[in-house]
Amino acid sequence: MESVYTISDQQMTGLSSLADFGLDQDNLNRIDDAIREAAGNLKFLSPSQTRDANFSFPVSSLFITEPLHTVTDLNRLFKSAFEQVQGGGFLICHLETTEQRKRRLMNELPVGINHLRYAGDFLLHRVSSRVVLTRPVYRMVFPCIRTISKAEAFGRLFYAGFTVKTSFDSRNSLVIIAQKTANEFTALPPSSEGVLLRIRRIGLEKRLFNVYKFRTMHPYSEYLQQYLMETTGLDTSGKFKDDFRVTSLGKWMRKYKVDELP
């Protein structure tokens, strides 16, 4: 059966990117089903348009060919996508997550050396990119290199007014299909990306005071509360069964209450 979406000659380069993912027929069918549900045309966003994060062409569904972990301003990109994708339309994107990056780096070198390499990569691209003092320098030196977890990618999409419908691994990429569900873009405060979190609490005589804690969750995790409730549910202790928002280090910090030290 012929697909209901159309692809122009200028968009043919986007098709090659689909082949590069090594998508099997089941995954291609998932993308095809999403586009059919939107009942319109599929637009491939070129790398230059992605980098500019400023485009104007109303479309039913949008495929971002550039990996999200190479995009400088994700929130601006998703905001532009929200403004152009019609209500109920789909946004399809992909990235190498922090989890996939770790797996790739660990598999490329022999045991022992791979741990040293990953430790250096972790300090450079995950720690220095988040610490307030080193973040500006990092972004000048590495403007198009980001380490983004699955939780952060999902959270940024929900923050921008999209709902993640499905996701799947393909080679060393996570492909995400998200649907525009919000009626209008709400300028919510962006998530803190630092190592420390500042939380406002009510104290004696109902006075507000600041509590500082080490971050144990990935950025933008706060926007995934309802999604986890609907997809995983709670265990007997009242916590989410599979809370992928918590970092590996965060699990250890929570276990020994280290996150409460500040």
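This write-up is about the structure you can find in this document. Predicted model, so just to flag it, every value in this text is computed and none were measured.

## Focus on the pairing of strand β5 (residues 173–180)
1) Next: Extensive coverage of β5 is indicated by the burial of eight of its eight residues.
2) Next: On β5, burial covers both faces: S173, V175, I177 and Q179 on one face and L174, I176, A178 and K180 on the other are all buried.
3) Next: Alignment of strand β3 (residues 85–95) against β5, held across six bridges, turns out to be antiparallel. Within the sheet, the bridge partner assigned to L95 lies in β5 and is L174.
4) Next: The antiparallel hairpin formed by strand β4 (residues 162–170) and β5 contains two residues in its connecting segment, where R171 sits at a positive phi of about 55 degrees.

## Comments concerning the nonpolar core
1) Next: Ranked by internal contacts, the top residues of the largest apolar core, which has 37 residues, are L62, L157 and I176.
2) Next: Examining the composition of this core, we find that six residues originate from one element, helix α8 (residues 150–159), more than from any other.
3) Next: Split by domain, this core shows at least three residues from each of two domains, domain 1 (12–97 + 148–180) and domain 3 (196–261).
4) Next: Leaving out residues up to four positions away in the same chain, L62 has contacts with L42, K43, L45, F55, F57, A81, V85, F90, L91 and I92.
5) Next: With nine residues, the next largest nonpolar core counts I31, F44, F90 and V175 among its residues.

## Observations regarding the sheet that holds strand β1 (residues 42–45)
1) Next: With respect to topology, five strands assemble into an open sheet ordered β1-β2-β3-β5-β4, the strand pairing being mixed. Looking at the sheet topology across the chains shown, the edges are occupied by β1 and β4. The mean angle between the axes of side-by-side strands here comes to 20 degrees, regardless of whether they run parallel or antiparallel.
2) Next: Where β1 and strand β2 (residues 59–64) come together, four bridges link them in parallel fashion. Pairing of K43 across the sheet is with L62, part of β2.
3) Next: Strands β1, β2, β3, β4 and β5 of the sheet are contacted by helix α4 (residues 74–84), whose axis makes an angle of about 145 degrees with β3.

## Overview of the packing of aromatic side chains
1) Next: Considering all chains together, one arrives at ten aromatic pairs under this definition.
2) Next: Ring centres of Y118 and F122 lie 6.1 Å apart, and the angle between their planes is 55 degrees; this geometry places the pair in the tilted category. One end of the pair is Y118 and the other is F122, both in helix α6 (residues 113–127) and four residues apart, which spans about a single turn.
3) Next: A residue is classified by how much of its surface remains accessible, and F122, at 27% relative accessible area, is partly exposed.

## Section: the packing of α4 against α8
Packed helix pairs are specified by the crossing angle of their axes together with the interaxial distance, meaning the distance between the axes.
1) Next: Between α4 and α8, whose axes approach to 9 Å, the crossing angle comes to 45 degrees. Accordingly, the angle class assigned to the pair α4 and α8 is oblique. Here the hand of the crossing between α4 and α8 comes out right-handed. Mapping the contact onto sequence places L74, N75 and F78 in α4 and R156, L157 and Y159 in α8.
2) Next: Of the residues contributing to the contact of α4 with α8, the split by class is four nonpolar, one polar and one charged.

## Let's talk about the environment of L228
1) Next: Locating L228 in the fold gives a position in helix α9 (residues 225–231).
2) Next: In this structure L228 comes out as buried when scored by relative accessible area, which is 0%.
3) Next: In contact with L228, other than residues within four places in its own chain, are G233, F240, D242, D243, F244 and R245.

Quick notes on the rules
Residues numbered from 1 in each chain as written. Predicted model: local features only at pLDDT ≥ 70, side-chain atom pairs only at ≥ 80, totals over all residues. Heavy atoms only, no water. Buried < 20%, exposed > 50% of the residue type's maximum accessible area, 1.4 Å probe, protein only. Helix = DSSP H or I, 4+ residues; strand = E, 2+ residues; numbered from the N terminus. Pairing = 2+ DSSP bridges. Core = buried A, V, L, I, M, F, W, Y, C linked by side-chain atoms within 4.5 Å. Domains from an automatic or database assignment. Contact = heavy atoms within 4.5 Å. Axes fitted to C-alpha atoms, helices over the stretch in contact; angles between N-to-C directions. Phe/Tyr/Trp six-rings, centres within 6.5 Å; stacked < 30°, edge-to-face > 60°. Parallel < 35°, antiparallel > 145°, perpendicular 65-115°, else oblique. Left-handed = near helix turned anticlockwise from the far one by under 90°. Nonpolar A, V, L, I, M, F, W, Y, C, P; charged D, E, K, R; others polar.

So, to be careful, I would describe these as geometric facts and stop short of saying anything about function.
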